[in-house]
Amino acid sequence: MNNEQKNPDQKKQASHFMAFYVVALFSIALVLILLSYMTQVRADDQVAHAETQLQEQVSATQGIQAKMGLLQEANNEQAQKIAMLEQSASEAEEAFEQLEKRSKAQASLLKACGHALREEKEQLAAEIESMIRVYTLEALDGSNPEKLIWSEEDAVIFNWLRTPEAETETNES
């Protein structure tokens, strides 16, 4: 009998142990489910935060690309303006050089006229030869209008001073 009595006690104890075991397993399962849920919520928050950061970076990148496009356009415009200004400066330099050359040639022409008025034939001839050496005959006498460095009136005066008649006319005056 003792065995029979122990048996119900053992059964009761086994059933208590089994209930405790089941409750413990369910509690552990519940804790694991809660941990999994909390981990999933945290991961979702991190993903949402990462998506927000990604969107911000994408919009910042797009803004930077738009600004870069504007800066590239401005750079191209500036490069065109610089090229135009360099061309204008080059043209201005050429015009200045032409004016300076013309001015020196006219100064030599005035000097030659002075020699002609003072009837200094040797100095006049030397000045004319010097001008021809420096500027070429085509640039002075108007025989090639494209190479002419001064006005046609100056070319007429130069040709008048160059001809032998100028010397005799100057002598007669």
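Every value quoted in this text rests on a predicted model; they were computed, and no experiment measured them. The numbers attached to residues start from 1 for each chain and follow its sequence in the written order. pLDDT decides what is reported in this predicted model: residues at 70 or higher carry local features, side-chain atom pairs at 80 or more are listed and counted, and totals for whole chains, interfaces and linings draw on all residues regardless. Computation of side-chain values: all heavy atoms of the structure, hydrogens and water removed.

## Side note on the confidence of the model for the protein chain
pLDDT is a residue-level measure of predictor confidence that goes from 0 to 100. Residues with a pLDDT of 70 or more make up 91% of the protein chain, whose mean pLDDT is 86. Counted against residues more than four places away or in other chains, residues 165-173, with its pLDDT under 50, gives 9 contacts. Note on definitions: a residue-residue contact is assigned when non-hydrogen atoms from the two residues lie within 4.5 Å.

## Looking at a nonpolar patch on the surface
Residues forming no salt bridge and having over 30% relative accessible area are the ones grouped into patches, like charges within 9 Å of each other and nonpolar side chains (Val, Leu, Ile, Met, Phe, Trp, Tyr) within 5 Å. Residue exposure ignores everything except the shown protein chains as possible cover, and the areas themselves are Shrake-Rupley values with a 1.4 Å probe. Think of a salt bridge as a Lys or Arg side-chain nitrogen and an Asp or Glu carboxyl oxygen that are within 4 Å of each other. Where nonpolar side chains cluster on the molecular surface, the patch consists of F17, M18, Y21, V22, L25 and F26 and spans about 640 Å² of accessible area. Starting at the N terminus, helices and strands are each numbered in turn, a helix being any DSSP run of H or I of at least four residues and a strand any DSSP run of E of at least two. Relative to the helices and strands, M18 resides in helix α1 (residues 2-117). When a residue's accessible area, from a 1.4 Å probe over protein chains only, is under 20% of the maximum for its type it is buried; when over 50% it is exposed; and in between it is partly exposed. In this structure M18 comes out as partly exposed when scored by relative accessible area, which is 48%.

## Comments concerning the packing of aromatic side chains
Working definition: a ring pair exists when centres of Phe, Tyr or Trp rings (six-membered ring for Trp) sit within 6.5 Å. Plane angles under 30 degrees give stacked, over 60 give edge-to-face, the rest tilted. Under the definition given, this model contains 2 aromatic pairs. An angle of 20° between the planes, with centres 6.3 Å apart, marks the rings of F17 and Y21 as stacked. Taken together, the residues span about one helical turn, with F17 and Y21 both in helix α1 at a distance of 4 residues. Assessed through its relative accessible area of 55%, F17 is described here as exposed. A relative accessible area of 43% means that Y21 is categorised as partly exposed. With a centroid separation of 6.1 Å and 55° between ring planes, the pair formed by W150 and F158 is classed as tilted. With respect to class, W150 is no different from F158; both count as buried.

## Focus: the packing of helix α2 (residues 121-135) against helix α4 (residues 152-162)
One can describe the packing of α2 onto α4 by two numbers: an axis separation of 10 Å at closest approach and a directional angle of 130°. With respect to their mutual orientation, α2 and α4 come out oblique. Between α2 and α4 the crossing geometry is left-handed. Between α2 and α4, the residues in contact are L124, I128, M131 and I132 and F158, L161 and R162, respectively. Here the contact of α2 with α4 is composed, by residue class, of 6 nonpolar, no polar and 1 charged. The axes are straight lines fitted to the C-alpha atoms, using for helices just the contacting stretch, and the angles between their N-to-C directions are given from 0 to 180°. Any angle between 65 and 115 degrees counts as roughly perpendicular, while under 35 counts as roughly parallel, over 145 as roughly antiparallel, and the rest as oblique. Less than a right angle of anticlockwise turn of the near helix away from the far helix marks a crossing as left-handed, whereas a clockwise turn marks it as right-handed. Asp, Glu, Lys and Arg are counted as charged, while Ala, Val, Leu, Ile, Met, Phe, Trp, Tyr, Cys and Pro are counted as nonpolar; the rest, among them Gly, fall into the polar class.

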